[in-house]
Amino acid sequence: VGEYKDGQHHGYGSMSFPNGEIYEGEWKFGKRDGQGTNIWKNGSKYVGGFSNGLRHGNGKEILSTGSRYEGEYRNNQFHGYGKYFHMTGETYTGEWKFGKRNGKGTNIWPNKMKYSGEFLNNKRHGNGILTHSDGRKTSGIWKNDVIFKKLELKPFINKAWIGVRIKQLTKE
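About the thresholds
- Positions within a chain are numbered from 1, following the residues in the order the chain's sequence is written.
- Under the rules for a predicted model, residues below a pLDDT of 70 receive no local features and side-chain atom pairs below 80 are neither given nor counted, while totals for whole chains, interfaces and linings still include all residues.
- Just so you know, side-chain values use all the structure's heavy atoms and leave hydrogens and water out.
- Helix and strand definitions here come from DSSP, where helices need a minimum of 4 consecutive H or I residues and strands a minimum of 2 consecutive E residues; each element is numbered from the N-terminal end.
- In this scheme, a residue with accessible area under 20% of its type's maximum is buried, one over 50% is exposed, and one in between is partly exposed, where area comes from a 1.4 Å probe on protein chains only.
- Any two residues whose heavy atoms approach within 4.5 Å are treated as being in contact.
- For the accessible areas, the method is Shrake-Rupley and the probe is 1.4 Å, while residue cover comes only from the protein chains on display.
- In this description, a nonpolar core means a group of buried Ala, Val, Leu, Ile, Met, Phe, Trp, Tyr and Cys residues linked to one another through side-chain atoms lying within 4.5 Å.
- What counts as a ring pair is set by centres within 6.5 Å for rings of Phe, Tyr and Trp (its six-membered ring), and what kind of pair is set by the plane angle: stacked under 30 degrees, edge-to-face over 60, tilted for all other angles.
- Placement of a positive charge over a ring is assigned whenever Lys NZ or Arg CZ falls within 6 Å of the ring centre and within 35 degrees of the normal to the ring plane.

Asks: Give a description of the overall build of the chain that names residues and reports values.
Replies: Secondary structure summary: the chain contains one helix and 14 strands in total. When the 172 residues of the chain are sorted by exposure, 28% land in the buried category. Sequence separation of 24 or more characterises 2% of the internal contacts of the chain that already satisfy a separation of 6 or more. Of the roughly 11300 Å² that the chain leaves accessible, carbon and sulfur atoms contribute 53%.

Asks: Give a detailed account of the nonpolar core, specifying residues and quantitative values.
Replies: Ranked by internal contacts, the top residues of the largest apolar core, which has 14 residues, are Y69, Y73, F78, Y84, W96 and Y115. Where this core is concerned, the elements lending two or more residues are β3 (22-28), β5 (45-51), β7 (68-74), β8 (77-85), β9 (91-97) and β11 (114-120). Not counting chain neighbours up to four residues away, the residues in contact with Y69 comprise G59, K60, E61, F78, H79, Y81, G82, K83, Y84 and W96.

Asks: If you had to explain the packing of aromatic side chains to someone new, which residues and values would you point to?
Replies: The geometry of an aromatic ring pair is captured by the separation of the ring centres together with the interplanar angle, meaning the angle of the planes. For the coordinates displayed, the defined rule picks out 15 aromatic pairs. Aromatic side chains Y115 and F119 sit 5.2 Å apart centroid to centroid with 90° between the ring planes, which places their arrangement in the edge-to-face category. Judged by relative accessible area, Y115 falls into the buried class, the value being 0%. Accessibility expressed as a relative area gives 5% for F119, which makes it buried. Looking at R55, its charged tip hangs above the ring of Y46, at a distance of 5.9 Å from the centre. Positioned above the aromatic ring of Y92 is the side chain of R101, whose terminal nitrogen or guanidinium carbon lies 5.6 Å from the ring centre.

The following block contains the structure:
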């Protein structure tokens, strides 16, 4: 249903596919192109940009499992900056390349453990800081999800602020 040009969907329209998939949005010469909504038979849903029939540009996807992604896509894959919320409570916010965590990002697990740093192919790789659920921090260089070299974290002390606070305390 919708607009046609030369016998193909072109403009705004909707289509129900034999596999149970439903698309409503913009079309260009028979392909999803522009803004649209795609719903799969399993209940997964994507709202956002399409190009040449593929998810492309900014979008939001809610999977039938309850996991969801909000961010940039390229050729049907997470690509660019995005936020992924896994059904287990794990989250990742940061850079994606070709569907994998790549570049700088922050991963937080349900037990409140957090890694902020660099990723390569979905693994901690490069400089990063792991904050344990008890507050301890491990800083270092990671390779293939394993700490390769630990680096010492030095606390920052603002001497001017401490001096002012000591004066305030001694006046009372």
